[in-house]
Structures are given as C-alpha cells and as structure tokens.
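Residues per chain, in single letters:
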Amino acid sequence: QVQLVESGGGLVQAGDSLRLSCAASGSIFSRWTMGWFRQAPGKEREFVAAITWSGGGIDYADSVKGRFTLSTDNAKNTVYLQMKSLKPEDTAVYYCAARWPATTTRLVSGYDYWGQGTQVTVSS
C-alpha cells in the first residue's frame, strides 16, 4: 500500500515562499502520478498541480501557474511543491495524492492514496 507524508507547511506573510514535501513509500514510483490538492475552510478540495514520477507529465492549476513549481527527487522518493509569491488566498490544508498509471488528472476521484495534509497559512 502507498503511504504519503506531507511536510513543510507553516505560517508566512504574503509574498513569502514555502516548499512542501511529499515523501512516498510502498509503490513503484516510476509508474505513478503524484498530485497536490488544497482545501480551505468551507470550500471543496481543489486541484493544485500534478506530476508523473517519470515520462514528463506535468500540470498546474491556473491559479498557481508561474508561482508554484513541482519537482521530484527519485532517490528520496519525494515530490516537492515550491510555492513562491504566496497570497492570502493560498491559505489551505495542502494534500499530496497518488494515482496509477502515470497520467495526470485534476479530479479528486482520480487519486487513490492521500496524505494527512499540511497547513499553509498566508497572512496579508
């Protein structure tokens, strides 16, 4: 079974940067897709970004394009979400998710495994 653990969240001011990490175990990572979602209080979980472990697939939500960057470290079985120029509207619990096969999707239902979430709070 795939296990995902997010880390790196915290309290920052608008304009600051954070890097979230998602450490994965229990799967053949080259055949999987990793996604990031976020959920603010009172709102539905929304797609942020997705990347394949290999094959070059990558996708960003319009709200984060140009500010957030995905990357992978295969040696550490870890996916990173580098967040720059953070805005108060980025405040949410951020979740890492995994799916098979290695094709991106923006649908919550397309992902089978989820981490526990990490809180990101951006003050104005």
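Look above for the structure.
Nothing here was measured: the structure is a model prediction, and the numbers come from that model.

**Student:** Help me out: how do you make sense of the pattern of salt bridges in this one?
**Tutor:** A side chain with one charge may pair with a side chain of the opposite charge, provided their charged atoms come close. One pass over the full model with this rule turns up 5 salt bridges. Between Arg106 and Asp59 there is a salt bridge, with its nearest N and O atoms 2.7 Å apart. Of this pair, Arg106 sits in the loop between strand S9 (92–99) and strand S10 (113–114) while Asp59 sits in strand S6 (residues 58–60), placing them 47 residues apart in sequence. For Asp59, a relative accessible area of 17% translates into the label buried. Here the salt bridges do not stand alone but share partners, grouping Arg38, Glu46, Arg67 and Asp90 into one network.

**Student:** Help me understand the side chain of Thr118, please; the structure alone is not making it clear to me.
**Tutor:** Take Thr118: it is sitting in strand S11 (residues 118–123). Here Gly9 takes part through its backbone nitrogen, which lies 3.2 Å from a polar atom of the side chain of Thr118. Dropping the residues within four chain positions of it, Thr118 is found in contact with Glu6, Ser7, Gly8, Gly9, Leu20, Ala92, Val93 and Tyr94.

**Student:** Would you take a moment to explain the state of the cysteines for this structure?
**Tutor:** Here, the word disulfide means a covalent bond between the sulfur atoms of two cysteines. Evaluation of the coordinates by the stated rule reveals 1 disulfide. Residue pairing for Cys22: its cysteine sulfur links by disulfide to Cys96, the two sulfurs lying 2.0 Å apart. Handedness of the Cys22-Cys96 disulfide follows from its S-S torsion of about -75 degrees: it is left-handed. Of this pair, Cys22 sits in strand S3 (residues 18–25) while Cys96 is found in strand S9, placing the two residues 74 residues apart along the sequence. Assigned by exposure class, Cys22 and Cys96 land together as buried.

**Student:** Before we go on, may I ask you to explain the nonpolar core in this structure?
**Tutor:** Within soluble globular proteins, side chains that are nonpolar tend to cluster in buried spots. Within the largest apolar cluster, 35 residues are counted, with the highest numbers of intra-cluster contacts made by Met34, Trp36, Leu81, Met83 and Tyr94. The set of elements that each furnish at least two residues to this core consists of S3, strand S4 (33–39), strand S5 (46–52), strand S7 (68–73), strand S8 (78–83), S9 and S11. The contact partners of Leu81, leaving out residues within four places of it in the chain, are Leu18, Arg19, Leu20, Trp36, Val48, Ala49, Phe68, Thr69, Leu70 and Tyr94.

**Student:** What's the story with the packing of aromatic side chains in this structure? I'm lost.
**Tutor:** Ring pairs (aromatic) are described by centroid distance and by the angle formed between their planes. This model, assessed by the stated rule, comprises 5 aromatic pairs. When the ring of Trp32 is compared with that of Tyr113, the centres are 5.7 Å apart and the planes differ by 55 degrees; the resulting orientation is tilted. Here the residue Trp32 occupies a position in the loop between S3 and S4, and Tyr113 occupies one in strand S10, the gap between them amounting to 81 residues. You can call Trp32 buried: its relative accessible area is 12%. Overall, the relative accessible area of 25% leaves Tyr113 in the partly exposed class. Considering the side-chain rings of Tyr111 and Trp114, the 6.2 Å spacing of their centres and the 65 degrees angle between planes classify their relative orientation as edge-to-face. Residue class for Tyr111 comes out buried when judged on its relative accessible area of 4%. Every member of this aromatic cluster is reached through a ring pair, and the members are Phe37, Phe47, Tyr111 and Trp114. Its end group placed over the ring of Tyr95, Arg45 keeps NZ or CZ at 3.7 Å from the ring centre. Lying across the ring of Trp114, Arg45 places its NZ or CZ 4.9 Å from the centre.

About the thresholds
Residues numbered from 1 in each chain as written. Predicted model: local features only at pLDDT ≥ 70, side-chain atom pairs only at ≥ 80, totals over all residues. Heavy atoms only, no water. Salt bridge = Lys/Arg side-chain N within 4 Å of Asp/Glu carboxyl O. Helix = DSSP H or I, 4+ residues; strand = E, 2+ residues; numbered from the N terminus. Buried < 20%, exposed > 50% of the residue type's maximum accessible area, 1.4 Å probe, protein only. Polar contact = N/O pair within 3.5 Å; in protein donor to acceptor, adjacent residues only side chain to side chain. Contact = heavy atoms within 4.5 Å. Disulfide = S-S within 2.5 Å. Core = buried A, V, L, I, M, F, W, Y, C linked by side-chain atoms within 4.5 Å. Phe/Tyr/Trp six-rings, centres within 6.5 Å; stacked < 30°, edge-to-face > 60°. Lys NZ or Arg CZ within 6 Å of the ring centre and 35° of its normal.

As far as function goes, none of this settles anything; it's purely spatial.
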